[in-house]
Amino acid sequence: MALKQNRPQNQQGITPMYMEVDIIGLSFPVEETAEGFVPRKVEGRPMDRLIADCGRTCYQTNDRAKPETDVKLILGMAKNGHTSVFEHGNVTIRIRGGSRAFTHELVRHRHTAYSQESQRYCDAGNFGFVIPPSIAEAGLEGIFISMMEKSQKNYLRLQRKLNKARAKGKLAEGRKTNEDARFVLPNAVQSEIVITPNLAELRSMFFKRLTKHAQWEIFACFKLILQKVVTITAVFDDIYEYFQKNGSLDGFTITL
Ligand SMILES: Cc1cc2nc3c(=O)[nH]c(=O)nc-3n(C[C@H](O)[C@H](O)[C@H](O)COP(=O)(O)OP(=O)(O)OC[C@H]3O[C@@H](n4cnc5c(N)ncnc54)[C@H](O)[C@@H]3O)c2cc1C
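Only a predicted model underlies this, so the values are computations on that prediction, with no experimental measurement involved.

Participant: Just checking my understanding: could you explain the sheet that holds strand β8 (residues 193-196) for this structure?
Facilitator: Hydrogen bonding along the main chain pairs the strands of a sheet, whether they run parallel or antiparallel. Judged by pairing direction, the sheet is antiparallel, and its four strands sit side by side in the order β2-β5-β8-β6 without closing on themselves. Sheet topology places β2 (20-26) and β6 (113-116) at the edges, where each strand pairs with a single neighbour. With strand direction ignored, the average angle separating the axes of adjacent strands in the sheet is 20 degrees. When strand β5 (residues 91-96) meets β8, the two strands line up antiparallel, connected through three bridges. If you follow Ile95 over to β8, its bridge partner there is Ile193.

Following this line, the structure appears as structure tokens:
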């Protein structure tokens, strides 16, 4: 049975070739009409008016709403640390092609909602895997892939034997075999995950995951996320500009 492969380019290039990040949902302003709730027609990036309107509540300046002033207000709030306003916006992101090692790091961020591909309910017999850049750099891909194939064999063997044991009535009532066979799977296994952070939390995640201390795969993921979210709101403009210039957020001064 063929295994699906995923090859990150290299440590600093930091774009795993097959990691995919897609925005699948976001908050935007709505209004109530006779037909029910409909999206409000606004100019500018889709989330800016909602965030700016929430911010304007603090100053009672809602009459000044314009795309240019939305951006100015948002950047001012980012600079001054008035970031609780950013919690009014959520973005839902689907991430494919990352390893379980990576998702384990990702889920440590506590103010984010997660839904992840289940190894209890899904059959991992034909798993995809991530090859770390050092493995490719050291010319160890062949060895690594054969290790993955061994893991696959072990998983399938265990799954088969557990299914047989269950059929013979040897397992306790209600046992699921995939959930126990998965214990022999490697950390490199690809795992799909959907996350919904609010924008303040996402800023905090960028500050932790786009530095030289961050692990390469989570760095790569947040680089892709940053490139996407900057198209939906000005909330990340300061971070994006700094990142574009410096290649990381090391040295970025955060106002708290
Ligand atoms: C380079 C690096 C190395 C790491 N190494 C390890 C490691 O070896 N072992 C390990 O276990 N983890 C490790 N981690 C994970 C790290 O400890 C955090 O769990 C992870 O970065 C999430 O950060 P957070 O808790 O600040 O973020 P979030 O959960 O996203 O929270 C965001 C912010 O909310 C606030 N907050 C959230 N919850 C609370 C709370 N209960 N009380 C007070 N304030 C709160 C804090 O200000 C926090 O920064 C590492 C992380 C990085 C970036």
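Participant: Looking at this model, I keep getting lost on the site of the ligand. Mind explaining?
Facilitator: Taken together, Arg108, His109, Arg110, His111, Glu201, Ser204, Lys208, Arg209 and His213 make up the full set of residues adjacent to the ligand. At 2.8 Å from an oxygen atom of the ligand is found a side-chain nitrogen or oxygen belonging to Arg108. At a separation of 3.1 Å, an oxygen atom of the ligand approaches a polar side-chain atom of His109. When the ligand sits alone it has 930 Å² of accessible area, and the protein chains cover 45% of it. Class assignment of the residues belonging to the shell around the ligand gives a composition of no nonpolar, four polar and five charged.

Participant: Would you mind going over helix α9 (residues 237-246) with me for this structure?
Facilitator: Three or four residues apart is the spacing at which side chains of an α-helix point the same way, because the helix has 3.6 residues per turn. Those residues of α9 that sit buried are Asp237, Ile239 and Phe243. Summarising the axial view, the buried residues of α9 lie within an arc of 160 degrees, below the 170-degree limit, and thus occupy one face. Residues Glu241 and Lys245 are exposed on α9 and point more than 90 degrees away from its buried face. Once α9 finishes, Gly247 follows within two positions and takes phi at roughly 75 degrees, a positive value.

Participant: Would you mind showing me how to read the pattern of salt bridges here?
Facilitator: Any two side chains of opposite charge can pair, so long as their charged atoms come close to each other. Tallying each qualifying case throughout the model produces 13 salt bridges. For Asp53, the salt bridge goes to Arg40, with nearest N and O atoms at 3.1 Å. With a gap of 13 residues between them, Asp53 in helix α1 (residues 48-59) and Arg40 in the loop between β4 (36-39) and α1 connect regions that are remote in the sequence. Residue Arg40 is classed as partly exposed on the basis of its relative accessible area, which comes to 28%. In this structure, the salt-bridge partner of Arg56 is Asp70, at a minimum N-O distance of 2.8 Å.

About the cut-offs
- Residues numbered from 1 in each chain as written.
- Predicted model: local features only at pLDDT ≥ 70, side-chain atom pairs only at ≥ 80, totals over all residues.
- Heavy atoms only, no water.
- Pairing = 2+ DSSP bridges.
- Helix = DSSP H or I, 4+ residues; strand = E, 2+ residues; numbered from the N terminus.
- Axes fitted to C-alpha atoms, helices over the stretch in contact; angles between N-to-C directions.
- Near = heavy atom within 4 Å.
- Polar contact = N/O pair within 3.5 Å; in protein donor to acceptor, adjacent residues only side chain to side chain.
- Areas by Shrake-Rupley, 256 points an atom, 1.4 Å probe, with all protein chains shown as cover.
- Nonpolar A, V, L, I, M, F, W, Y, C, P; charged D, E, K, R; others polar.
- Buried < 20%, exposed > 50% of the residue type's maximum accessible area, 1.4 Å probe, protein only.
- Arc of directions from axis to C-beta.
- Salt bridge = Lys/Arg side-chain N within 4 Å of Asp/Glu carboxyl O.

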